[in-house]
Amino acid sequence: MSLFKKKKAMQDPETEFEFTDMIGEEEPTSEADVQAVMEKYDRESNVRIWDGMPRIVVRYMLVAFAIYSILLNFGIDWETRIERASFVGILVFLTFIVFPARKGSHKKKNYIPWYDVILALLGGGSYFYFVFNLDKIIANTIRLEPIDLVIGIIGVVVTLEACRRAVGIPIVIVSSLFIIYMVFFTKAPLALNVYNLFYTTEGVIGTPIRACSTFIVLFVIFGAFLERTGISQFFIELANSIAGSSSGGPAKVAVISSALCGMVSGSSVGNTVTTGSVTIPMMKKNGFRPEFAGAVEAASSTGGQIMPPIMGAAAFLMVEYTGFDYGYIAVRAILPAVLYFSGIFIAVHLEAKRMGLKGLSREELPKFLPLILKKGYLLLPLILLVVMMMKTTMSKAAIIATAVAIVVSMFNKDTRMNLTKFFDALENGARSTLTVGVACAVAGTIACVITTTGIGAKLISAIVGLSGGVTIIAMFLTMLTCIVLGMGVPTTANYVIMATTCAPILIKMGLAPLAAHMFVFYFGIVADITPPVALAAYAGSAIAKSRPMKTAVTATTLAIAAFIVPYCFGLNPALLFIDATILGSIQVIVTALLGVFGVAAGLRGYIFSNLRVWQRLVVIAGGLVLVYPGTLTDIIGIVLVIGICALSKMGGKKKAAEA
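The model shown is predicted, which means the values in this text are computed figures rather than measured ones.

This next bit is on the pattern of salt bridges. Following the criterion strictly, the structure yields 18 salt bridges and no others. Between Arg 48 and Asp 116 there is a salt bridge whose closest N-O contact spans 2.2 Å. Of the two residues, Arg 48 sits in the loop between helix 1 (31-41) and helix 2 (52-73) while Asp 116 sits in helix 4 (residues 114-132), which places them 68 residues apart along the sequence. When sorted by exposure, Arg 48 lands in the same class as Asp 116, which is buried. The partner of Lys 375 in a salt bridge is Glu 237, and the shortest N-O contact between them spans 3.1 Å. Placement of Lys 375 in helix 17 (residues 368-375) and of Glu 237 in helix 10 (residues 231-243) is noted, with a sequence separation of 138 residues between them. In this structure, Lys 375 and Glu 237 share a single accessibility class: buried.

Below, the structure is given as structure tokens:
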């Protein structure tokens, strides 16, 4: 049984989701409502409205960009700087065509102010000036001619403005501060700074753009085609067949489906709104408080960014920064992701038990085996993607998986790919790439300043000095830095900032390189649900009609594993299966899961019966020491957690007997 059906095309603002009897007629969520929330909390949704011939022109400009991006990987073999500069030039040009200067200024159809046309031409033109004058610029190196200097400055400034429109102000402020430091607080001449920022592969066309133009764009396009197969609806139905009938079933469905959808979508806010428009009303109807319902969806959607195999595309950047193979990274990301979602799932279960909530009727739910037999083929592109990435390049794997997604779409008449839908997918993929691309370009400027000015070493010395050489304190200070710098920044750009500014600090303190990068990645991600700038939580609260700050705080407590587990694998990388035996890995998995249970139970205040304050503190302490790998800590944690469980069980029996 389908949870919802779209009555009209997505472009129709009057479209409404038609909910089934599972959630009844309460609180229907129109497509206009969903779009309004997206526009408020997701910069990518604030796009100009085009109609008629202008709509066709913009549409096929985006389609052409998607095709060009594919050809850059399969067909075009140019000099590296030409490929990257042309890619960014088109990115910047299209960003000004698609995104208006500010929120709310996009409502007028077929309108683009004259200054945006100029900015589009200046921004795109500066990069193509570089393309067509590459030999001269290489020959001159830092002896830039005045025209080269002016164009380089224009290119950087206009790229920052493009990023502000498509991504938001936080990353632009961070980049601007670094550039100001580079220009005004170092002795390097202006020409050298501009040359490094704009004309070398250390700046705007640096490592992040290399990853974006070769891996990320192809996976974004893959995600757009995969969405056309109806896999998001399949994920929701699959989650319902697994957990819908259990206690608090709708919330558990939200956890499972959002984890799967978030893995593919690559956007915490986008996934919170799109899947939340279905799952949040289900949870509220089941009896969950609005704040809890919005928090469950936000925490689960945010966690999708850490779910292998795609991990919000950050895994591909991690390959670039760490030098490890993709398969090595993906396998070691599995247990932390499992612990994250286990913590949310357990908290949901305990909350449902505490409130006495039931699940959905089995008769209303899809059956697991028939569903797999009927729609299991939708998983083929994802399965093939994982297999191919272990055997060939990531670019080839993405293209092959995209081709398979097109094939599987043919199995259902509602999702069958025709030429119009094919171009729709290319258009959507290209539009999503604009946000990621300009963010990567700006992140490249941050990386450039760090590598060319020596400020990275100063940051490391400052953190090490503040921590007094104590690793756990350095990790705590790094965590705060990651959360602040990660507020309102997309996953990929977020990780680039963390990898260049924070990861070296932890490696200097003795953490394993992969553990350090995973640490900063996790805390950059949880910025989306951490107050005060908790965009995913605020988006969830808008759908749930709950108090935003209370929703954000609840989401943070639900995602508590994301705040604990990174410390554990940072101090002991056995949680990442680094230097661990098979028996040791099994021990780590079992004790870590029990530890997450202990922490979740303590925060919710319930196991078999309500816990007293001292019991909550003891079971949280037991959970914390269990999550940290080690024989002594395991023994202590098991005694504490099982002891409190026994007391809670006896308390529940006593209460039942008195009743």
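Attention now goes to the packing of aromatic side chains. Taken as a whole, this structure holds 25 aromatic pairs when the rule is applied. The interplanar angle of 15° and the centroid separation of 5.3 Å between the aromatic rings of Phe 288 and Phe 292 together place this pair among those described as stacked. Here Phe 288 matches Phe 292 in class, with each residue buried. Among the aromatic residues, ring-to-ring pairing joins Tyr 127, Phe 130, Tyr 195, Phe 198 and Tyr 199 into one connected group. Positioned above the aromatic ring of Tyr 60 is the side chain of Arg 59, whose terminal nitrogen or guanidinium carbon lies 5.4 Å from the ring centre.

For helix 4, spanning 19 residues, the distance from its first C-alpha to its last is 26 Å, which sits close to the expected 27 Å at 1.5 Å a residue. When the local axis directions of helix 4 are compared, the greatest deviation, roughly 25°, occurs at Gly 125. Every buried residue of helix 4 is accounted for by Asp 116, Ala 120, Gly 123, Gly 124, Ser 126, Tyr 127, Tyr 129, Phe 130 and Val 131. Lining the buried residues of helix 4 we find helix 3 (80-98), helix 5 (134-140), helix 6 (146-166) and helix 8 (190-198).

Taken N-terminus to C-terminus, the directions of helix 14 (residues 314-322) and helix 23 (residues 491-501) make an angle of 25°; their axes are 9 Å apart at the nearest point. One finds that helix 14 runs roughly parallel with respect to helix 23. The interaxial crossing formed by helix 14 with helix 23 has right-handed handedness. Touching Ala 314, Leu 317, Met 318, Tyr 321 and Thr 322 of helix 14 are Thr 491, Thr 492, Tyr 495, Val 496, Ala 499 and Thr 500, all from helix 23.

So, on to unusual backbone geometry. One non-glycine residue, Asn 110, lies in positive phi territory at about 55°. Along the chain, Asn 110 turns up in the loop between helix 3 and helix 4. Unusually for a residue other than glycine, Phe 577 sits at a positive phi of about 60°. Within the element layout of this structure, Phe 577 appears in the loop between helix 28 (560-571) and helix 29 (582-604).

Before going further, it helps to spend a moment on the environment of Thr 272. Structurally, Thr 272 is set in helix 12 (residues 268-286). When the C-alpha positions of Thr 272 and Ser 541 are compared, they lie 9.8 Å apart, and in sequence the two are 269 residues distant. Residues contacting Thr 272, with those up to four places away along its chain left out, are Ser 277, Glu 297, Ala 298, Ser 301, Ala 536, Ala 539 and Gly 540.

The rules we used
- Residues numbered from 1 in each chain as written.
- Predicted model: local features only at pLDDT ≥ 70, side-chain atom pairs only at ≥ 80, totals over all residues.
- Heavy atoms only, no water.
- Salt bridge = Lys/Arg side-chain N within 4 Å of Asp/Glu carboxyl O.
- Helix = DSSP H or I, 4+ residues; strand = E, 2+ residues; numbered from the N terminus.
- Buried < 20%, exposed > 50% of the residue type's maximum accessible area, 1.4 Å probe, protein only.
- Phe/Tyr/Trp six-rings, centres within 6.5 Å; stacked < 30°, edge-to-face > 60°.
- Lys NZ or Arg CZ within 6 Å of the ring centre and 35° of its normal.
- Expected span 1.5 Å × (residues − 1).
- Bend = angle between axes of the 7 residues up to and from the residue.
- Contact = heavy atoms within 4.5 Å.
- Axes fitted to C-alpha atoms, helices over the stretch in contact; angles between N-to-C directions.
- Parallel < 35°, antiparallel > 145°, perpendicular 65-115°, else oblique.
- Left-handed = near helix turned anticlockwise from the far one by under 90°.

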